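Residue-level listing of the chains:
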Amino acid sequence: MKQILPKSLATLGIILLAFGLWLGLAYPPAELRAPSKAVTTANVKATPQVTPQPKTIVVGIQPLGQVPQQYLTATAEALHDLYGATTRQLAPRDLPQTTWNHAHTRYRAADIVRRLEADKEVGLTHVMGVTEADISTQISLTSDWGVFGLAQRNSSGAVISTFRIKLDNPPPTLFLARLRKVVLHEFGHNLGLDHCTHSPTCLMRSTEGNMQALDTAEAALCDKCAAQISNRTHSSTATTSTTTLTNY
Ligand SMILES: [Zn+2]
Ligand SMILES: [Zn+2]
């Protein structure tokens, strides 16, 4: 006598067979499946290679009060020749009256620099104020010390004054040589240089207001300072910032 499957078991078998067929269609073997979009290389954007680029230095030359064009041109040329800076001469502006010292005899250089940095135009990396007025650094509430210039290390502002470097009525060539050195020295601070003790004639030596020291300094960086500048201007990362205010 033939054993006949119960009707319910036969139905279950058909259902399982149909389910297996659907599984096979829905999930073919991996090698037969179309590649997923997620793994195709055509859909993966290549990551651009990051290579350090030389930083572009764009300095705004800011006349503060009336400044002869020859001095502004000399400032721009000096920054270009030594540091490769691009310069943009800005419209003259008056020295801020809020930067007077206590006796209204000099303008406080640190206050001028702060103002220049706060007002720096978009597109400039730095701004250098140039003035014929006497500028000073504050010693105490009632005492100031006249300076050739002032800049903050690793910062974007500096100011230089022609007042002290022409007090002894130097011939024009000597005056312009002094002007260039003061400009280059202060901008060296902006680029991160401290005072140099490596070479007695380095542009970054501290003159402490001594005119003879200024005149014997070269309008060039020593090897050590030049190497520091080179590392900084060709690095893609910012250097550590300090807040040292440095007069010449
Ligand atoms: Zn040096
Ligand atoms: Zn200095």
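Quick note: structure is the one above.
Residues numbered from 1 in each chain as written. Chains lettered and ligands numbered in written order. Predicted model: local features only at pLDDT ≥ 70, side-chain atom pairs only at ≥ 80, totals over all residues.

Student: In this structure, what is going on with the sheet that holds strand β6 (residues 143-147)? I would like to understand it.
Tutor: Judged by pairing direction, the sheet is mixed, and its 3 strands sit side by side in the order β3-β5-β6 without closing on themselves. At either margin of the open sheet sits one strand with a lone partner, and together these are β3 (107-108) and β6. In this structure, strand β5 (residues 135-140) lies alongside β6, joined through 5 bridges in antiparallel fashion. Following the sheet pairing, Thr137 is matched in β6 by Trp145. (Pairing = 2+ DSSP bridges. Helix = DSSP H or I, 4+ residues; strand = E, 2+ residues; numbered from the N terminus.)

Student: Before we go on, may I ask you to explain the packing of helix α2 (residues 69-83) against helix α4 (residues 172-190) in this structure?
Tutor: For any two helices packed against each other, the geometry comes down to the angle between their axes and how far apart the axes lie. Running from N to C, α2 and α4 cross one another at 55°; their axes reach a closest spacing of 9 Å. Relative to α4, the element α2 is oriented oblique. For α2 against α4, the interelement crossing comes out right-handed. Within the contact between the two elements, α2 uses Tyr71, Ala74, Thr75, Ala78, Leu79, Leu82 and Tyr83 and α4 uses Leu176, Leu179, Arg180, Val183, Leu184 and Phe187. (Axes fitted to C-alpha atoms, helices over the stretch in contact; angles between N-to-C directions. Parallel < 35°, antiparallel > 145°, perpendicular 65-115°, else oblique. Left-handed = near helix turned anticlockwise from the far one by under 90°. Contact = placed C-beta atoms within 7 Å.)

Student: Before we go on, may I ask you to explain the environment of His195 in this structure?
Tutor: On the secondary structure map, His195 appears in the loop between α4 and α5 (211-216). Given 17 C-beta atoms within 10 Å, His195 falls into the partly exposed group. Once you skip the residues sitting within four places of it in the chain, His195 turns out to touch Met204, Arg205 and Ser206. (Buried ≥ 20, exposed ≤ 12 C-beta atoms within 10 Å, placed from the backbone.)

Student: I keep staring at the pairing of strand β7 (residues 149-152) and nothing clicks. Help me out?
Tutor: Within a regular beta strand, the side chains point alternately toward one face of the sheet and then the other, so they alternate between its two faces. Residues Gly149 and Ala151 of β7 are buried on one face, and the alternating residues Leu150 and Gln152, pointing to the opposite face, are buried as well. What sits between the antiparallel neighbours β7 and strand β8 (residues 157-161) is a turn of 4 residues, in which Asn154 has the positive phi angle 55°.

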